[in-house]
Amino acid sequence: PDFLVVIAYGKIIPQSILDIPNFWSINVHGSLLPEYRGASPLQSVFLDNKKETGLTIMKMDAGLDTGNMIDKLKFKIPFVRTVKNLIENIQAKWPKFLNDTLWKYGKKILWEEFQDEKKASHCKKIEKEDGLIDIHKDTLENIYSKYRAYFLWPKIYFEHKKPDGKTVRVIIEKLILNEK
């Protein structure tokens, strides 16, 4: 193949596979690199209450989202949106963005840009336990951020002790909050 294109793959690809294409191995990454390298960039922007995010098209190397950047597409994150809406937005935009970027890069309209390691941040793999909230200690802002980030999985939940001593998990399926 001329290109190898990867999107939403949560593992490091071995160099032997990255070397297969005639031209480049390309990653469509769900953040504005070098911020949010790693497995959960889409959720992490919500957890950090970012108002803006985007996509980065980069050449892949053996590191974790460390390759040279080719192009970025920025967009706003409305307050009432969740990670589900963000994924839908990305799914609608990435094919054309990738096609346009590769065309411009091939015509030498775009150039590679090194990532500034001083600005790099990393995000972790999400675990089921990350959705746990403490309704007595967590701020409403923190709960809503987790709700937006974990809307699809693992959801947010709290544990409630019943009078008989048993603990039940209460999953919050829908949370509506006014931005003000």
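Shown above is the structure to which this text applies.
Residues numbered from 1 in each chain as written. Predicted model: local features only at pLDDT ≥ 70, side-chain atom pairs only at ≥ 80, totals over all residues. Heavy atoms only, no water.

Section: the overall build of the protein chain
Helix and strand counts for the protein chain stand at four helices and eight strands. Helices (α) and strands (β) of the protein chain occur, in sequence order from the N terminus, as β-α-β-β-α-β-β-α-β-α-β-β. On the principal axes, the C-alpha backbone points of the protein chain span a range of 65 × 35 × 30 Å. Counting every position in the protein chain, which comprises 180 residues, the buried fraction comes to 41%. Within the protein chain, contacts between residues at least 6 apart in sequence are counted, and of these 60% link residues at least 24 apart. Counting every atom, the protein chain has about 11,200 Å² of accessible surface; 55% of that belongs to carbon and sulfur. Of the charged side chains in the protein chain, 30 are positive and 24 negative; the average position of the first set lies 4 Å away from that of the second. (Helix = DSSP H or I, 4+ residues; strand = E, 2+ residues; numbered from the N terminus. Buried < 20%, exposed > 50% of the residue type's maximum accessible area, 1.4 Å probe, protein only. Contact = heavy atoms within 4.5 Å. Areas by Shrake-Rupley, 256 points an atom, 1.4 Å probe, with all protein chains shown as cover. Lys, Arg positive; Asp, Glu negative; His and termini not counted. Charge placed at Lys NZ, Arg CZ, Asp CG, Glu CD.)

Quick look at a nonpolar patch on the surface
A surface patch of nonpolar side chains, amounting to about 260 Å² of accessible area, comprises F3, V5 and F23. With respect to the helices and strands, the residue F23 is situated in the loop between α1 (15-18) and β2 (24-29). (Patch = residues over 30% accessible without salt bridge, like charges linked within 9 Å, V, L, I, M, F, W, Y side chains within 5 Å. Salt bridge = Lys/Arg side-chain N within 4 Å of Asp/Glu carboxyl O.)

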